[in-house]
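Coordinate analysis (summary)
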Amino acid sequence: MRSYEECPPLLEFLYKRPGKSLPNLTEDPGTLEDLLQDVFDDLRRSTFQLREQVSALQVRNKELEEYGHMVAHDLREPLSILVLTSNVITDIPDLTSEELEEYLQQIGLTASEMKRIINSLLLFAEVSRAEAPVGSVQMKRVVANVQARLSYMIREQQAQITLPEVWPDAIGYEPWIEEVWANYLSNAIKYGGRPLCVELGASASSDGMLRFWTRDNGPGIPPEACTRLFTPYNQISRLKSNAGHGLGLSIVLSIVEKLGGQVGVESELGKGSLFFFTLPAGPAFPEQTLLPS
């Protein structure tokens, strides 16, 4: 059996590890064997942790690759429209004032669409990495803000919006919850029936969660499409099959799950759709005033 003095490289490694101290020098073989076993255990733990980190990095790199592809895909079409429209204005010198106004309006609308896409992508990235400062949220104020944001769309589509008399407060992060409502309401307006009627509401459950929802009078969504609407972050490549609802519902899923809730849709062909999300109830919410959805 070799003594400690005959194993300086090994001892130097052992004693420099965090939390390790020099043992009493002895010729007892068991002491050295215990030290060696300790080292091997540490190496196994480190190897396992390293493999986990490598695996997580591989998944993350795959997500970033798909995210980059999605960004390029979403921005390519409106950018092409901008280029084509500007070329028409440049190449045709005798455009009438009406034609010029129409092309300029197209450029403005396309630029606004690109801005919306970019804002959605930025929000998607923010939600995936940020920790929100949660607190009590006044849902009445949030919904009012969303209605103001979508006022042009509401007027243009002559949408009739029905609201409850009382909104319960929830626990969450107000800016993110506003984006959830904006997505649900804008989709209800886009895909609703004619005349367009959209109902918003809230209901309470016995587990301390609140269920918020929008109900439209549109054509409904086929069952097979409903299962693909809410696409998690690690399945970005499927977004384009989301029945026209796009990135927005993926953002909704990320936000609500991060705030401790769930999302879902209930739909029947010919009878409209109900999109919902749940959040923890705020303090002293008026449960008796809420009707079941």
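Summary of the structure given here. Since we're looking at a predicted model, the values are computed, not measured.

Rules used throughout
Residues numbered from 1 in each chain as written. Predicted model: local features only at pLDDT ≥ 70, side-chain atom pairs only at ≥ 80, totals over all residues. Heavy atoms only, no water. Helix = DSSP H or I, 4+ residues; strand = E, 2+ residues; numbered from the N terminus. Contact = heavy atoms within 4.5 Å. Pairing = 2+ DSSP bridges. Axes fitted to C-alpha atoms, helices over the stretch in contact; angles between N-to-C directions.

**Brief notes about the side chain of glutamate 178**
- Relative to the assigned elements, glutamate 178 resides in helix α6 (residues 174-191).
- In contact with glutamate 178, not counting residues within four places along its chain, are Val142, Asn145, Val146 and Arg149.

**Comments concerning the sheet that holds strand β7 (residues 273-280)**
- Pairing within the open sheet is mixed, and its 5 strands lie in the order β2-β4-β5-β7-β6. On the outer flanks of this sheet lie β2 (160-162) and β6 (263-267), each paired with one strand and no other. Averaged over all neighbouring strand pairs, the angle between strand axes comes to 15°, with direction disregarded.
- Pairing geometry for β2 and strand β4 (residues 197-204), over 3 bridges, is parallel. Following the sheet pairing, threonine 162 is matched in β4 by glutamate 199.
- Contacting β2, β4, β5 (209-216), β6 and β7, α6 runs over the sheet at an angle of about 170° to β7.

**Notes on the pairing of β4**
- Pairing between β4 and β5: 7 bridges, direction antiparallel. Bridge pairing in β5 links glycine 201 to tryptophan 213.
- With antiparallel pairing between neighbouring strands as the criterion, β4 and β5 make up a hairpin whose turn holds 4 residues, including glycine 208 at a positive phi of roughly 85°.

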